[in-house]
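# Structure at a glance
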Amino acid sequence: MRRLAHGEYGFKLELEENVVYEIVAENPIMFATMVRELSEQIEGSSGGFRLSQGEKILSLEKKVVFVRDIFNIDINQRNILSKLYSELGECANGICLQERSIFIESYIKYMDAICNKSDLFVTFEEEPDTQEIFKLAKLRIDTEAVTLLEIIMDYVRIVSRLLRVDIIIFLNLKLFLSREELIKLYEECIQRKVCLVLLETSFQERMPYERGCIIDKDSCIIYF
């Protein structure tokens, strides 16, 4: 079983399936420090957060996504598109060979026609890499999501599907979603076997599926 803990603040959470975890830090200075530290560790720096499985330490950078601004969620961020291009590239090289041949033939004719209009000696890449074709086409993920909940749920699906990440931490999510919306999100994450962790500044109520801890202003830890 995996465990998420912090050495300085002293909390330890055993990450079980079908559970949503909430970490509440009531002290504003502690909360700000915790957010900065987690952000830096997700980027590869060292810090007090520790993710482990048995005796093995796991990389937060590889295993965790931290969403600090739910109003700036980008389902087409670079690492997601990289995984999409890689996956589709394998498909193109495996089962779309005839279509690629037709495309390259038409592409060469088109580029030849353009180059012949110049009085300079002009060359071009006669067989571009599949990844370059995707970039040229601005291949990206589309979504019909409108509401904030729909955007977040789409992001969870895409991250778990393409990045193979199954721990997602959201910052102050309870400020922006209703109780009913939160439960829908919890059930979506549970269905997809994604461990959802909420990092919050205040405790409101314990909801279905939730477990976690409160670090009060005196740094005492209360588990619930």
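Provided above is the structure to which this section pertains.
Starting from 1, residues in each chain are numbered consecutively following that chain's sequence as written. Local features are withheld for residues below a pLDDT of 70 in this predicted model, meaning they are given only at 70 or higher, and side-chain atom pairs are given and counted only at 80 or more; totals for whole chains, interfaces and linings count all residues. Heavy atoms throughout the structure, all of them, feed into the side-chain values; hydrogens and water do not.

## Some words on helix H4 (residues 97-115)
Stated formally: Runs of H or I in DSSP of at least four residues are treated as helices and runs of E of at least two as strands, each being numbered from the N terminus. In this analysis, the expected span of each helix is defined as 1.5 Å times one less than the number of residues it contains. Relative accessible area decides the class of each residue, using a 1.4 Å probe on protein chains only: under 20% of the type maximum gives buried, over 50% gives exposed, and in between gives partly exposed. Relevant arc is that of directions from the helix axis to the C-beta atoms, nothing else.
Along its 19 residues, H4 runs 26 Å from first to last C-alpha, staying within 8% of the 27 Å computed at 1.5 Å per residue. For H4, the full list of buried residues reads Arg100, Ile104, Tyr107, Met111 and Cys115. Take H4 and look down its axis: the buried residues cluster within an arc of 65°, on one side only. Every exposed residue of H4 that faces more than 90 degrees away from the buried side is listed here: Gln98, Lys109 and Tyr110.

## A word on the sheet that holds strand S7 (residues 167-171)
Quick note on the threshold: For two strands to count as paired, DSSP must find a minimum of two bridges between them. Note on geometry: axes are C-alpha line fits, over the in-contact stretch for helices, and angles between N-to-C directions span 0 to 180 degrees. Should any heavy atoms of two residues lie within 4.5 Å, those residues are considered in contact.
The six strands lie next to each other as S6-S7-S8-S3-S9-S10, forming an open sheet whose pairing is mixed. Looking at the sheet topology across the chains shown, the edges are occupied by strand S6 (64-67) and strand S10 (221-223). In this sheet, neighbouring strand axes are inclined to one another by 15° on average, regardless of whether the strands run parallel or antiparallel. The pairing of strand S3 (residues 20-25) with strand S9 (residues 210-215) spans six bridges and is parallel. Looking at S9, one finds that Val24 is bridged to Ile214. Sheet strands in contact with helix H6 (residues 148-163) are S6 and S7, and its direction is about 150° off that of S7. Across the face of the sheet, helix H7 (residues 179-191) comes into contact with S3, strand S8 (195-200) and S9 while running at roughly 140° to S8.

## Let's talk about the pattern of salt bridges
Our working rule: Salt bridges, as used here, are contacts in which a Lys or Arg side-chain nitrogen is within 4 Å of a carboxyl oxygen on Asp or Glu.
Tallying each qualifying case throughout the model produces 14 salt bridges. Here Lys174 makes a salt bridge to Glu22, at a shortest N to O gap of 3.0 Å. Here the residue Lys174 occupies a position in the loop between S7 and H7, and Glu22 occupies one in strand S3, the gap between them amounting to 152 residues. One salt bridge connects Arg100 with Glu127, and the closest N-O pair in it is separated by 3.7 Å.

## A word on the pairing of S8
Convention followed: Orient the strands so they point away from the viewer; a crossover is then right-handed if the path from the first strand over the helix to the second runs clockwise.
Most of S8 is tucked away, with six of its six residues classed as buried. Here S8 shows a buried face lined by Cys195, Val197 and Leu199 and a second buried face lined by Leu196, Leu198 and Glu200. Pairing of S3 with S8 involves four bridges; the strand directions are parallel. Note that in S8 the partner of Val24 across the bridge is Glu200. Looking at chain direction, S7 and S8 are connected through five bridges and run parallel. Directly across from Ile169, in S8, lies its bridge partner Val197. For the handedness criterion, the β-α-β arrangement of S7, H7 and S8 is classed as right-handed.

## Here's the deal with unusual backbone geometry
Of note in the backbone geometry, Lys138 takes a positive phi value of approximately 55° without being a glycine. The residue Lys138 is located in the loop between helix H5 (130-136) and H6 in this model.

## Let's talk about the sheet that holds strand S4 (residues 49-53)
An order of S2-S1-S4-S5 is seen for the four strands of this open sheet, with the pairing classed as antiparallel. Either end of the sheet is taken by a strand with one partner, and the two such strands are strand S2 (12-15) and strand S5 (56-58). Neighbouring strand axes in the sheet, compared pairwise and without regard to direction, differ in orientation by 30° on average.

## Quick look at the nonpolar core
We apply this condition: Take the buried Ala, Val, Leu, Ile, Met, Phe, Trp, Tyr and Cys residues and link them wherever side-chain atoms come within 4.5 Å; each set so joined is a nonpolar core.
The biggest cluster of nonpolar side chains holds 36 residues, and the ones touching the most others in it are Ile152, Phe170, Leu173 and Leu185. At the level of elements, S6, helix H3 (78-95), H6, S7, H7 and S8 are the ones that each hand at least two residues to this core. Here the element with the most residues in this core is H6; it accounts for ten residues. Apart from the residues lying within four places of it in its own chain, the contact partners of Ile152 are Ile70, Ile73, Phe170, Leu173, Leu177 and Leu185. Leu15, Ile23, Met30 and Cys195 belong to the second largest nonpolar core, which has 29 residues in total.

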